[in-house]
Amino acid sequence: MELFDRMAAYFLAAFTKPFRGLATVVGGLFFLSFLTLEEGPFRYGRFMDSDDIVHLSRVWDFLNGQSWFDPVVHRIMPPDGMATHFSRLAEIPLLFLMGFLHQGGADFVSASYLTMTVVPLALFASFFVVAAWSTEPLVGQEWFRLSAVTLFFAYPVTSELAPPRADHHALSLLCMLMMLGFVFRLWFRPKSLPRYAVGAGIMGALSLVIALETLPWVIALSGLVGLLLVVRGRPMAQSGAVFGLSLFLSAALFLVATAAPESYFKPDSLMYSSLYVVLAGCLGGLFILTAGAARLWEAWRVWAAAGAAAILMGCGFLTLFPFMIDGPFGGMDKSMAEMMGKYLILNVPLSGKYESIFNLLQALGLPIVATVSAFVFLDEEDDAEKSWFWCGYGLVLLVALISAVYYQQRISLFAHLFSVPVFVEVIARLWAFGKARLPKLWRLLPIFVLLFSMDTGLSLLIDTVGVPEKPEAQLDARPYFFTFKTPHDPQPSVWQVLSDPAGLGDRPRRIMNMMNEAGPLLLFTQHTFMAAPYHTNIKANKESLQFFLTKYPEVARRIVRENEIDLVLASPRRAPSYSEESVEDNILLTMVSEGRPRKEGPDFEQQLTDGQVPDWLVRVPASEHNDQYLFEVVKDRL
């Protein structure tokens, strides 16, 4: 009974200021929901996308002898392989667990499923801790733990932390949240400025090397530090210079830690390179110059000097690297950029995804509340320095919100992430408002808020963890029994046919495929394949598109011969992004038509699945599953 009383007291304390144990309660609820979801990833065995599998595959290759500095996945885009833009630093959490399992004799698939279950949950637990730590300087000791439940409103963030996510996005968000916590400490804890400036610089550089999409937000949070330097002046000068120097030195150190020496001075925009070290150097130089001006001049001159230096350095950097005007992927092949933009859902603006303004507002509820609240707090603030903070932070939130709606929905991740501390502040102020005006009822306010949060969090959790739509070619992830599961069709899956050691799994073969098969091919088989949804896979992706979308069998035959293809994996059910309309201007007219008049009729993939098979291809028996078909190339007929 005493133990029960203690447990009950601990649970109730989670819902009473200062909410001790709230993270444990919310985290336990998340974990139980994950375990019990009937067709969720744990009980059904499901990966999210190719990024997860590529990360796991790179770790496995490293454990089996691949160099730390070798970025190539050799089973994609044969014979040269595909250089990935992922950092090895992002794979360290995966490396520890997979290394342990590897030493214990586990195979790749078994190790992958256990890793993609444990690592996301560990990162989720870390997120609770870091969210509370980062929020505390803004909201105080009584309220910072409430960030645990507020995270459930940040559902794009929560979805990146849910198993089976094993890619780099969760880790990059965690690094950005840590940088935000250090920036908050610079604003609200002036007694320890240099130490926090070093932390902010290191975490900014680390988040950038893990995921290039953090670049605008590293610059935005650096701008908040710069704003504080200009507003506070001389007292902030040392910390401003320290921040700039730590950002630059950390960026250079991470380049040395992730790239081979021969790559140090190659300014590649598509992966972390010296280009980003130069950018960090420009920011560092700007902070050092502004810090010097803050020691010597009055405020208006510091504003003028900082603004002029920022404009000059920005123009100089873009003059040296003009393709960066389009962002981190500005150096990408233009035709492939358009096709990839339509294929990857994260690249589509939210305004183009939702059918009504109501659904759009529902998806961005937390950022909208946080953005409006930031400007309301600005209007109500009497302290000049805090007013500048809410002005700067409100602009960061506003830019993130607008960019998510009209540019790319991946920015919604950062809009929600940056909204968490502000939403905790909103709840704290609502509490104070209710306590002052509703003395009999104010204690009920946080309970209603928390219950609503839980209900919202659970519904979002079930949606974001993901229930596959009749997954007919997945692995059953029950411990120690990794068997292929085909509940809707007794026929073997394509991956089972490709893995059969008595058949096509007897030796590695080269497969012509479309991008959406990349993950399963890499995980379930030992074959090499052409297409993968990555901007560094330009040649092979174009060859794949040309092969499947051409209306001329002789064009497909030439591609098979030149790329030494052994097998073709076809399907009549392709995503809309593979249609002629989405790629016609940039790819079909330039590569498929080859200057000849357009030919009416089905594309080559449709010809194959309709039974119009040329004599240099032979359909593989027992391979038709879920509208997927395997064809073997007859080499002596090419």
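Quick caveat, the model's predicted, so the values are computed rather than measured.

Here we come to the overall build of the chain. Helix and strand counts for the chain come out as 26 helices and nine strands. Across the chain, every contact between residues at least 6 apart in sequence was considered, and the portion connecting residues at least 24 apart equals 72%. Accessible surface computed for the chain: about 27,500 Å², of which carbon and sulfur atoms make up 63%.

Put simply, helix H11 (residues 215-232) and helix H18 (residues 384-406) touch, their axes get as near as 10 Å, and they point 160 degrees apart. Between H11 and H18, the angle is such that the two are roughly antiparallel. In this structure, the crossing between H11 and H18 has a hand that is right-handed. Here Trp217, Ala220, Leu224, Leu227, Leu228, Val231 and Arg232 of H11 come into contact with H18, specifically with Glu385, Trp388, Gly392, Tyr393, Val396, Val399 and Ala400. The residue inventory of the contact of H11 with H18, partitioned by class, reads eleven nonpolar, one polar and two charged.

Turning to unusual backbone geometry, a few remarks are in order. For the bond from Pro78 to Pro79, the omega torsion is 0 degrees, close enough to zero to count as cis. You can see Pro79 is positioned in the loop between strand S1 (72-73) and strand S2 (82-83). With a phi close to 65 degrees, Phe19 is a non-glycine residue in the positive phi region. Relative to the helices and strands, Phe19 is located in the loop between helix H1 (2-13) and helix H2 (22-36).

The share of residues in the chain with pLDDT of 70 or more is 76%, and the mean pLDDT across the chain is 79. Every residue in residues 453-489 scores below 50 in pLDDT, and together they form 87 contacts with partners more than four places removed in sequence or on other chains. Every residue in residues 575-598 is under pLDDT 50, and counting partners more than four places away or in other chains gives 51 contacts.

Another aspect to go through is the packing of aromatic side chains. For the structure shown, the criterion picks out 23 aromatic pairs. Judged by centre distance (4.8 Å) and plane angle (85 degrees), the ring pair of Phe124 and Phe128 falls under edge-to-face. A residue pair is termed a helical-turn pair when its members lie 3 or 4 positions apart in one helix, as Phe124 and Phe128 do in helix H6 (residues 108-139) at four residues. Grouping residues by exposure puts Phe124 and Phe128 together as buried. Here the aromatic rings of Trp133 and Phe182 are separated by 5.0 Å at their centres, their planes lie at 75 degrees, and the arrangement is edge-to-face. With Trp133 in helix H6 and Phe182 in helix H9 (residues 169-188), this pair connects stretches of sequence that are 49 residues apart. For Trp133, a relative accessible area of 28% translates into the label partly exposed. Members of the aromatic cluster, connected to one another through ring pairs, are Phe184, Trp187, Phe188, Phe377, Phe389, Trp390 and Tyr393. The cationic tip of Arg185 hangs over the ring face of Trp133; the distance from NZ or CZ to the ring centre is 4.0 Å. The ring of Phe377 has Arg429 sitting right over it, with the charged end atom 3.8 Å from the ring centre.

Now for the sheet that holds strand S6 (residues 528-529). The pairing of strands in a sheet comes from backbone hydrogen bonds and takes either a parallel or an antiparallel form. In spatial order, the strands read S6-S5-S7-S9-S8; together these five strands make up an open sheet with mixed pairing. At either margin of the open sheet sits one strand with a lone partner, and together these are S6 and strand S8 (617-619). As judged from the two bridges shared by strand S5 (residues 510-512) and S6, these two strands associate in the parallel manner. Considered in S6, the bridge of Ile511 is made with Phe529.

Here we take up a nonpolar patch on the surface. A grouping of Leu245, Phe248, Leu249 and Ile288 is seen on the molecular surface, where their side chains present a nonpolar patch of about 340 Å² in accessible area. Counting through the fold element by element, Ile288 comes out in helix H13 (residues 274-296). Overall, Ile288 belongs to the partly exposed group, its relative accessible area being 41%.

Next up on the list: the nonpolar core. Core analysis: the largest hydrophobic core is formed by 177 residues, its most contacted members being Tyr272, Phe418, Phe547 and Val568. When residues of this core are assigned to their parent elements, the largest contribution, 16 residues, is made by H6. With residues near it in sequence (within four places) discarded, Val568 still touches Met512, Phe547, Phe548, Leu608, Leu617, Tyr629, Leu630, Phe631 and Val633.

Next up on the list: helix H24 (residues 553-562). Along H24, the residues that are buried comprise Val555, Ala556, Ile559 and Val560. In an axial view of H24, the angular spread of the buried residues amounts to 135 degrees, which keeps them on one side of the axis.

Once that is clear, we can look at the packing of helix H5 (residues 92-103) against H6. One way to put it is that H5 packs onto H6 with a least axis distance of 9 Å and a crossing angle of 135 degrees. On the basis of their axis angle, the class for H5 and H6 is oblique. Note on packing geometry: the crossing formed by H5 with H6 is right-handed. Between H5 and H6, the contacting residues are Pro93, Leu94, Leu97, Met98 and Leu101 on the first element and Phe108, Ala111, Ser112, Leu114, Thr115, Val118 and Val119 on the second. The class makeup of the residues in the contact of H5 with H6 is ten nonpolar, two polar and no charged.

Residues Leu567 and Leu569 point to one face of strand S7 (residues 567-570) and Val568 and Ala570 to the other, with burial holding for every one of them. Where S5 lies against S7, two bridges are found, and the strand directions are parallel. Across the sheet, Ile511 pairs through a bridge with Leu567, a residue of S7. Looking at chain direction, S7 and strand S9 (residues 629-633) are connected through four bridges and run antiparallel. Paired with Leu567 across the two strands is Glu632, which belongs to S9.

Most of S9 sits inside the fold, with four of its five residues counted as buried. One ladder, built from three bridges, connects S8 with S9; its direction is antiparallel. For Val618, the partnering residue across the bridge sits in S9 and is Glu632.

So, about the environment of Leu521. By the secondary structure assignment, Leu521 is in helix H22 (residues 518-524). For the pair Leu521 and Ser50, spaced 471 residues apart in the sequence, the C-alpha separation amounts to 9.7 Å. Contacts of Leu521, omitting those with residues within four sequence positions, involve Arg75, Trp495, Leu498, Ile511, Asn513 and Phe529.

Calculation criteria
- Residues numbered from 1 in each chain as written.
- Predicted model: local features only at pLDDT ≥ 70, side-chain atom pairs only at ≥ 80, totals over all residues.
- Heavy atoms only, no water.
- Helix = DSSP H or I, 4+ residues; strand = E, 2+ residues; numbered from the N terminus.
- Contact = heavy atoms within 4.5 Å.
- Areas by Shrake-Rupley, 256 points an atom, 1.4 Å probe, with all protein chains shown as cover.
- Axes fitted to C-alpha atoms, helices over the stretch in contact; angles between N-to-C directions.
- Parallel < 35°, antiparallel > 145°, perpendicular 65-115°, else oblique.
- Left-handed = near helix turned anticlockwise from the far one by under 90°.
- Nonpolar A, V, L, I, M, F, W, Y, C, P; charged D, E, K, R; others polar.
- pLDDT = per-residue confidence, 0-100.
- Phe/Tyr/Trp six-rings, centres within 6.5 Å; stacked < 30°, edge-to-face > 60°.
- Buried < 20%, exposed > 50% of the residue type's maximum accessible area, 1.4 Å probe, protein only.
- Lys NZ or Arg CZ within 6 Å of the ring centre and 35° of its normal.
- Pairing = 2+ DSSP bridges.
- Patch = residues over 30% accessible without salt bridge, like charges linked within 9 Å, V, L, I, M, F, W, Y side chains within 5 Å.
- Salt bridge = Lys/Arg side-chain N within 4 Å of Asp/Glu carboxyl O.
- Core = buried A, V, L, I, M, F, W, Y, C linked by side-chain atoms within 4.5 Å.
- Arc of directions from axis to C-beta.

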